[in-house]
Amino acid sequence: MSLSVFGTRHVQALLGSFGRLARNPLATALTLLVIGLALALPAALDLFVSNAQVATGGFGQAVDMSVYLKTGVPLAQARQLAADARARPGIARATLIPAQEGLKEFRKYSGFGAALDALPSNPLPDVLHVVPRASASSAADLESLRRYFTAWPEVDVVQLDTQWVLRFNAILAVLRRLAVIAAALLGAGVLAVVGNTIRLEILNRRAEIEVTKLVGGSNAFVRRPFLYTGLLYGVGGAVLAWVILEAAVLILDPSVITLAQLYGSRFALQGPSRQVLGALFGGGMGLGWAGAWISAHRHLRSIEPRA
Amino acid sequence: MIQFERVSKRYPNGREALTHVSFHLASGEMAFLTGRSGAGKSTVLKLVALLERPTRGTVTVNGKSTGSLKARHIPAFRRQIGVVFQDHKLLVDRPVFDNVALPLVVAGAPLKEVDKRVRAALDQVGLLGKERMLPAELSVGEQQRVGIARAVVSKPPLIIADEPTGNLDPDLALEVMRLFRRFSDVGVTVLVATHDQHLVHELAKREIVLASGEIQDDGADSLPHVVATR
Ligand SMILES: Nc1ncnc2c1ncn2[C@@H]1O[C@H](COP(=O)(O)OP(=O)(O)O)[C@@H](O)[C@H]1O
Ligand SMILES: [Mg+2]
């Protein structure tokens, strides 16, 4: 068999499988939907975790510290403190958020504007927002930094976000593992769905298989169209999963942007990355092919021509 | 081409369909396999096409013993045999062309070659021009001839046919048998099972007679050239 003949036969088998799926649109659509959802779910979890990491990137990686000054500290003195902090080694940034500005931001995003107007004076203190260098972010460094700020008489409270960051990262790690477990379970589900669909297809085409074997068709020849059918289910399911993810991102994005603005962030949802898409298509095709192969291996053997 | 040596066949249900059957069909020879219904004709053909294996004895086809042939060699084995059935076993949802092309496609023939050979085979059975029709759109006689075209399209050295004229009226039946004789004239070995004595006499070929699973008449002696060599 020449290479071109070999290629032609595969193209024929592929087109034949495609044609059969297209001729049965409802059944095909239902199967694809099941596969698509099974692939989309773990990918969505993974997407959620990635987005959560990006969204919290500012304080998720480098920890930061909020130094609340006592009310009544003059602004000029607060500025001087900020400059002193900046001069310390181990500090990447120290930004003063004067009470006036803090109030403006709060009024803009919180929706408590009317309530604030009712107050006689600004209830917010000046805040010094301190970001340590990555090289000086160990628990001990942070503790000594906290003590440095607490020692100032102007300082009311120092709030360190380490604990929160650690918990948050731990939650993300749990979710990531959950995505892996979901992928394994749902992957097995895809295998079963494709396998069963192919089994029914084989039973439907029993007469054709018998005749094909009768005229000398090998097991590989008989199996080929079913493998392509499985592969097409995998590709179709992956495309559908992709569409589901993009649609979810599209629908969620406006509310997420609003939420992010409330936290003073310009964050917007990221769609699935190349790696996620690669996993989606690779996983879909691999599972489709494998499911079809297992089913074909089990059921084609027993179909032998009868006279 | 076909050699049966003391072949017995017992089906799983315990029914002994053949008992100590021995005969030899030379390359290029044509013979009828006759006998009453249940005599074992179909069983002989099934053993030749490796749809069944012998319980005892050896069946040798084109130099290969079927008893020990490995599963992965069966497809190639079957490709050298053209098989025609009474119920023709066509794919009802495929046009005539696809049905006839199947043996070439499974053998991996190039597309151009497939096209040429399918037309040639349909021409031989007088069905050129009906490539795109579905089997259901054809008469019974035409369907049978599609089955024959499929059996000969890959030019196998051996053709076996099980009651190929069972559903045909006498005129059509004779025409189909003459078709087989024409293949035999160009060197193809042909074995046809039938219970139609009239046709057998009409074609004047060797007749192997089975009765209750045993050879009643090998028919070889009646062949002029066989007589001459003895
Ligand atoms: N698959 C089978 N299982 C059990 N018995 C069978 C099977 N095929 C044929 N037989 C039996 O074997 C005997 C010979 O059958 P067969 O070869 O079909 O005869 P013929 O073709 O001459 O009518 C019959 O008694 C038949 O009932
Ligand atoms: Mg019979």
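Residues numbered from 1 in each chain as written. Chains lettered and ligands numbered in written order. Predicted model: local features only at pLDDT ≥ 70, side-chain atom pairs only at ≥ 80, totals over all residues. Heavy atoms only, no water.

Engineer: Mind showing me how you'd approach the overall build of chain A here?
Structural biologist: When its secondary structure is counted, chain A shows 11 helices and four strands. Against the 2.2 N^0.38 benchmark of 19 Å for 307 residues, chain A shows a C-alpha radius of gyration of 31 Å, more extended than a compact globule. Referenced to the eigenvectors of the C-alpha coordinate spread, the extents of chain A come out at roughly 100 × 45 × 30 Å. A sequence separation of at least 24 residues applies to 83% of the contacts in chain A between residues at least 6 apart. (Helix = DSSP H or I, 4+ residues; strand = E, 2+ residues; numbered from the N terminus. Rg over C-alpha atoms; globule rule 2.2 N^0.38 Å. Contact = heavy atoms within 4.5 Å.)

Engineer: I keep staring at the pairing of strand 4 (residues 56-61) of chain B and nothing clicks. Help me out?
Structural biologist: All names here are of chain B. Pairing between strand 1 (residues 2-10) and strand 4: five bridges, direction antiparallel. The residue of strand 4 that forms the bridge with Gln3 is Thr60. Pairing geometry for strand 4 and strand 5 (residues 64-65), over two bridges, is antiparallel. Its bridge partner being in strand 5, Val61 is matched across the sheet by Lys64. Turn length for the strand 4-strand 5 hairpin, with the two strands adjacent in sequence and antiparallel, is two residues, and the turn residue Asn62 shows positive phi of about 50°. (Pairing = 2+ DSSP bridges.)

Engineer: Could you clarify how one ought to interpret the domain arrangement of chain B in this entry?
Structural biologist: Residue and element names in this part refer to chain B. The domain architecture assigned to chain B consists of domain 1 (1-39 + 59-80 + 157-230) and domain 2 (91-155). A straight line from the C-alpha centre of domain 1 to that of domain 2 covers 24 Å. Counting residues at the interface gives 13 residues for domain 1, matched by 12 residues for domain 2. Applying the counting rule to domain 1 against domain 2 returns zero salt bridges. (Domains from an automatic or database assignment. Salt bridge = Lys/Arg side-chain N within 4 Å of Asp/Glu carboxyl O.)

Engineer: Explanation requested: the nonpolar core in the structure shown.
Structural biologist: Residues and elements named next belong to chain B. Among the nonpolar cores identified, the biggest contains 38 residues, and Val100, Val118, Ile148, Phe180 and Val192 are the most heavily contacted of them. When residues of this core are assigned to their parent elements, the largest contribution, seven residues, is made by helix 6 (residues 170-185). Of the domains in this structure, domain 1 (1-39 + 59-80 + 157-230) and domain 2 (91-155) are the two that each give at least three residues to this core. Discounting chain neighbours no more than four positions away, the residues touching Val192 are Met30, Ala31, Phe32, Leu33, Ala161, Pro164, Met177 and Phe180. Core analysis: the second largest hydrophobic core is formed by 33 residues, Met1, Val44, Leu45 and Leu210 among them. (Core = buried A, V, L, I, M, F, W, Y, C linked by side-chain atoms within 4.5 Å. Buried < 20%, exposed > 50% of the residue type's maximum accessible area, 1.4 Å probe, protein only.)

Engineer: Even after reading the chapter, I still don't get the interface of chain B and chain A, so can you show me in this structure?
Structural biologist: Size of an interface, as often reported, equals the accessible area lost when the parts are brought together. Counting residues at the interface gives 19 residues for chain B, matched by 22 residues for chain A. Buried area between chain B and chain A, both sides added, is near 1700 Å², and the carbon and sulfur share of it is 67%. When the area that chain B buries against chain A is broken down by residue, the three leading residues are Arg78, Lys89 and Val106 of chain B, summing to 28%. Where chain B meets chain A, there are two salt bridges. One salt bridge connects Glu304 of chain A with Arg78 of chain B, and the closest N-O pair in it is separated by 3.5 Å. (Buried area = accessible area lost by both parts, 1.4 Å probe.)

Engineer: Would you mind showing me how to read unusual backbone geometry here?
Structural biologist: Apart from glycine, the bulk of residues carry a negative phi angle, and the bulk of peptide bonds sit in the trans form. All names here are of chain B. With a phi angle near 45°, Arg6 is a residue other than glycine that sits in the positive phi range. Despite not being glycine, Asn62 shows a phi value in the positive range, around 50°. Take Asn62: it is sitting in the loop between strand 4 and strand 5. A residue is classified by how much of its surface remains accessible, and Asn62, at 35% relative accessible area, is partly exposed.

Engineer: So what exactly am I meant to see when it comes to the pattern of salt bridges here?
Structural biologist: Close approach of charged atoms allows side chains of opposite charge to pair. Using the criterion set out here, one finds 21 salt bridges over all chains in the structure. Two residues, Arg205 of chain A and Glu201 of chain A, come together in a salt bridge whose shortest N-O distance is 3.3 Å. A relative accessible area of 16% means that Glu201 of chain A is categorised as buried. Put simply, Lys9 of chain B and Glu52 of chain B hold a salt bridge, and the shortest N to O gap is 3.3 Å. With Lys9 of chain B in strand 1 and Glu52 of chain B in the loop between helix 1 (41-48) and strand 4, this residue pair connects regions lying 43 residues apart in the sequence. Since its relative accessible area comes to 6%, Lys9 of chain B is described here as buried. Where salt bridges share partners, they join Glu201, Arg205 and Glu208 of chain A together with Arg94 of chain B into one cluster.

Engineer: Sorry if this is basic, but what is going on with the packing of aromatic side chains here?
Structural biologist: What characterises a pair of aromatic rings is the spacing of the ring centres plus the angle enclosed by the ring planes. Using the criterion set out here, one finds six aromatic pairs over all chains in the structure. Between Tyr148 of chain A and Trp152 of chain A, the aromatic rings sit 5.3 Å apart at their centres with planes inclined by 70°, giving edge-to-face as the arrangement. Ring centres of Trp242 of chain A and Phe281 of chain A lie 6.0 Å apart, and the angle between their planes is 85°; on these two criteria the pair is classed as edge-to-face. Placement of Trp242 of chain A in helix 10 (residues 219-262) and of Phe281 of chain A in helix 11 (residues 274-300) is noted, with a sequence separation of 39 residues between them. The cationic tip of Arg88 of chain A hangs over the ring face of Tyr148 of chain A; the distance from NZ or CZ to the ring centre is 4.1 Å. Directly above the ring of Phe85 of chain B sits Lys89 of chain B, whose terminal nitrogen or CZ lies 5.4 Å from the centroid. (Phe/Tyr/Trp six-rings, centres within 6.5 Å; stacked < 30°, edge-to-face > 60°. Lys NZ or Arg CZ within 6 Å of the ring centre and 35° of its normal.)

Engineer: I'm lost on the sheet that holds strand 4 (residues 155-160) of chain A in this one. Help?
Structural biologist: Strand pairing in a sheet relies on backbone hydrogen bonds. The paired strands run either parallel or antiparallel. Residues and elements named next belong to chain A. Here four strands make up an open sheet; going across it, the order is 2-3-1-4 and the pairing antiparallel. Two strands in the sheet have a free side with no partner beyond their single neighbour: strand 2 (91-97) and strand 4. On average, adjacent strands in this sheet sit at an angle of 15° to one another, irrespective of strand direction. With six bridges connecting them, strand 2 and strand 3 (residues 127-132) associate as antiparallel partners. If you follow Arg93 over to strand 3, its bridge partner there is Val131. Along the sheet, helix 4 (residues 75-87) contacts strand 1 (65-69), strand 2 and strand 3; its crossing angle with strand 2, the most-contacted strand, is approximately 170°. (Axes fitted to C-alpha atoms, helices over the stretch in contact; angles between N-to-C directions.)

Engineer: What should I look at first to understand the sheet that holds strand 1 of chain B in this one?
Structural biologist: Residues and elements named next belong to chain B. The four strands are arranged 2-1-4-5 in an open sheet whose pairing can be described as antiparallel. Looking at which strands have only one partner, the edges of the open sheet turn out to be strand 2 (16-25) and strand 5. Sheet strands touched by helix 1: strand 1, strand 2 and strand 4. Its angle to strand 1, the strand with the most contacts, is close to 115°.

Engineer: Honestly, the site of ligand 1 in this entry has me stumped. Any pointers?
Structural biologist: Residue and element names in this part refer to chain B. Taken together, 13 residues are adjacent to ligand 1, and Arg15, Gly38, Lys41, Ser42 and Thr43 come closest. Within the side chain of Arg15, an N or O atom sits 2.6 Å from an oxygen atom of ligand 1. Between Gly38 and ligand 1, the recorded distance is 2.7 Å, taken from a backbone N or O atom to an oxygen atom. Across the shell around ligand 1, the residue classes tally to three nonpolar, six polar and four charged. (Near = heavy atom within 4 Å. Polar contact = N/O pair within 3.5 Å; in protein donor to acceptor, adjacent residues only side chain to side chain. Nonpolar A, V, L, I, M, F, W, Y, C, P; charged D, E, K, R; others polar.)

Engineer: Which parts of the structure should I look at to understand the packing of helix 2 (residues 25-55) of chain A against helix 10 of chain A?
Structural biologist: For any two helices packed against each other, the geometry is given by the interaxial angle and the distance between the axes. Residues and elements named next belong to chain A. Packing of helix 2 against helix 10 leaves a shortest axis separation of 7 Å and a crossing angle of 50°. In terms of orientation, helix 2 and helix 10 fall into the oblique class. Our pair here, helix 2 against helix 10, has a crossing hand that is right-handed. Counted together, Thr28, Thr31, Leu32, Leu33, Ile35, Gly36, Leu37, Leu39, Ala40, Ala43, Ala44 and Leu47 of helix 2 and Leu232, Tyr233, Gly234, Gly236, Gly237, Ala238, Leu240, Ala241, Ile244, Leu245 and Val249 of helix 10 form the full contact between these two elements. When grouped by side-chain class, the residues that make up the contact of helix 2 with helix 10 number 17 nonpolar, six polar and no charged. (Parallel < 35°, antiparallel > 145°, perpendicular 65-115°, else oblique. Left-handed = near helix turned anticlockwise from the far one by under 90°.)

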